[in-house]
Amino acid sequence: PSTSREVSEILKLAGSRRVPVTPRGGGTGLCGGCVPVLGGIVLSMERMNGILEVDSGNQMAVVEAGATLAEFTAAVEEAGLYFPPHPGDESAMIGGLIATNAGGSRAVKYGTIRNYVRGLEVVIPSGDIIHLGGKLVKNSTGYSLLHLLIGSEGTLGVITRAVIQVVAQPPRLRSLVIPFPDLESAIDSVPLLFRKKISPVALEFVERSVIGITEEFLHKRWPAREGETHLLVILDASTEEEMDRLSNGVAEVCLDKGALDIYIADTAKKQEEVLAIRSKIYEAI
């Protein structure tokens, strides 16, 4: 389908014949949710990929379900704004991100995508097209059907369009790659970071073995070579002094727990390389 009306007609027809329908986005999910185990119709959303509006004044974007995370992020950043959630694979589609309530590594500070969805257009199994929420932050009326749909994995309807809140870009970002000899040492360091009142934008464990696969796939180079498990820490700060204080705090905690080194991606190019490799791990595998 390329319109909500076409989705509606398909669901009406399928419903009248009791034919199963499986919505499919980018196919990046790791639990097989878009696999048509019951047969029937696979409803691919790839043609409904419009980014219909980026409203800088209200910090809202209107986007169709088939737009990829990469396309959406690029459009938002071109408008000088920022979409905080970042699930692992940028070829994931917006409808799938909402249907699975995706979070990714930035959920540490910013939470899952549920926190940013303000409105939805959904086609329910009867073929009716419903509109939930809208371009607004506060809505205290009645049952929250909007939040019922978020994370419903395609079981209640097909998401066709969304209103998503975006925010101002953080003034400074810095990525730290910290190799550890084993997973346990890396894990033990994390609660200590929070005790020091360090709240990273993103915090993620990455195994060295999959980094090698992705380096080969992308022809890019990850900054650290040693260790079995790497801790990827992304910080944001309003001043350079605050950023240095946070970075030093992370380094102190991790070195005390056995980190082998601290690699700092402090330029846009270095950060882009690190995040490019992290974002393509699933695709490389």
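Residues numbered from 1 in each chain as written. Predicted model: local features only at pLDDT ≥ 70, side-chain atom pairs only at ≥ 80, totals over all residues. Heavy atoms only, no water.

1. Brief notes about the side chain of E215
- Mapping E215 onto the fold places it in helix α7 (residues 208-218).
- When its relative accessible area of 10% is taken as the criterion, E215 is described as buried.
- Apart from the residues within four sequence positions on either side, E215 is in contact with R208, K220, R221, W222, R225 and I277. (Helix = DSSP H or I, 4+ residues; strand = E, 2+ residues; numbered from the N terminus. Buried < 20%, exposed > 50% of the residue type's maximum accessible area, 1.4 Å probe, protein only. Contact = heavy atoms within 4.5 Å.)

2. Focus: the pairing of strand β8 (residues 158-165)
- The buried fraction of β8 amounts to seven of the eight residues, a majority that puts the element mostly inside the structure.
- Pairing between strand β4 (residues 60-64) and β8: five bridges, direction antiparallel. Bridge pairing in β8 places V62 opposite V163.
- As paired elements, strand β6 (residues 117-123) and β8 share six bridges and run antiparallel to each other. Note on β8: the bridge partner recorded for V117 is I164. (Pairing = 2+ DSSP bridges.)

3. Brief notes about helix α6 (residues 183-195)
- Listing the buried residues of α6 in full gives S185, A186, S189, V190 and L193. Taken around the axis of α6, the buried residues stretch over an arc of 150°, which confines them to a single face. Residues of α6 that are exposed and point more than 90 degrees away from the buried face comprise E184 and R195.
- For α6, the secondary structure elements touched by its buried residues are β10 (172-180), β11 (202-207), β12 (229-237) and α8 (240-256).
- The distance from a side-chain oxygen at the start of α6 to the backbone nitrogen of E184 is 3.3 Å, and the residue carrying that oxygen is D182.
- Looking at the residues trailing α6, positive phi occurs at K197, about 60°. (Arc of directions from axis to C-beta. Polar contact = N/O pair within 3.5 Å; in protein donor to acceptor, adjacent residues only side chain to side chain.)

4. Here's the deal with the side chain of S8
- Tracing the backbone shows S8 in helix α1 (residues 4-17).
- In this structure the side chain of S8 is engaged in a polar contact, spanning 2.5 Å, whose partner is the backbone oxygen of G127.
- In contact with S8, not counting residues within four places along its chain, are V123, G127 and I129.

5. Considerations on unusual backbone geometry
- With a phi close to 55°, Q59 is a non-glycine residue in the positive phi region.
- Along the chain, Q59 falls in the loop between β3 (51-55) and β4.
- Looking at Q59, the relative accessible area reads 26%, which means it is partly exposed.
- For H219, which is not a glycine, the phi torsion comes out positive at approximately 60°.

6. Looking at the pattern of salt bridges
- Applying the stated criterion to the full structure yields 13 salt bridges.
- Across the pair E53 and K135 runs a salt bridge whose closest N-O atoms are separated by 3.0 Å. Here E53, found in strand β3, pairs with K135, found in the loop between β7 (129-133) and α5 (145-149); they are 82 residues apart in sequence, far enough to count as distant.
- Given the relative accessible area of 36%, K135 is considered partly exposed.
- Two residues, E273 and K220, come together in a salt bridge whose shortest N-O distance is 3.9 Å. Of the two residues, E273 is situated in helix α9 (residues 268-279) and K220 in the loop between α7 and β12; the sequence distance between them amounts to 53 residues.
- Classification of K220 by relative accessible area gives partly exposed; the value is 30%.
- One salt-bridge network, in which partners are shared between bridges, spans R172, R174, E240 and D244. (Salt bridge = Lys/Arg side-chain N within 4 Å of Asp/Glu carboxyl O.)

7. Points about the packing of aromatic side chains
- Taken as a whole, this structure holds three aromatic pairs when the rule is applied.
- Taking 5.1 Å as the distance between ring centres and 80° as the angle between the ring planes, the aromatic pair formed by F72 and F83 counts as edge-to-face. In this pair, F72 is assigned in helix α2 (residues 69-78) and F83 in the loop between β5 (81-82) and α3 (94-99), connecting sequence segments eleven residues apart. Each member of the pair, F72 together with F83, is buried.
- Taking 6.4 Å as the distance between ring centres and 75° as the angle between the ring planes, the aromatic pair formed by Y82 and Y110 counts as edge-to-face. One end of the pair, Y82, is in strand β5; the other, Y110, is in helix α4 (residues 107-110), and 28 residues separate them in sequence. There is no split in this pair, since Y82 and Y110 are both buried. (Phe/Tyr/Trp six-rings, centres within 6.5 Å; stacked < 30°, edge-to-face > 60°.)

8. Focus: the sheet that holds β3
- What the five strands build is an open sheet, ordered β3-β4-β8-β6-β7; its pairing is antiparallel. Each of the sheet's edge strands pairs with one partner strand only, and the pair in question is β3 and β7. Looking at each pair of strands side by side, their axes are set apart by 10° on average, direction ignored.
- α2 contacts β3, β4 and β8 of the sheet and is inclined by roughly 35° relative to β3. (Axes fitted to C-alpha atoms, helices over the stretch in contact; angles between N-to-C directions.)

By themselves, these observations are geometric and do not establish any function.
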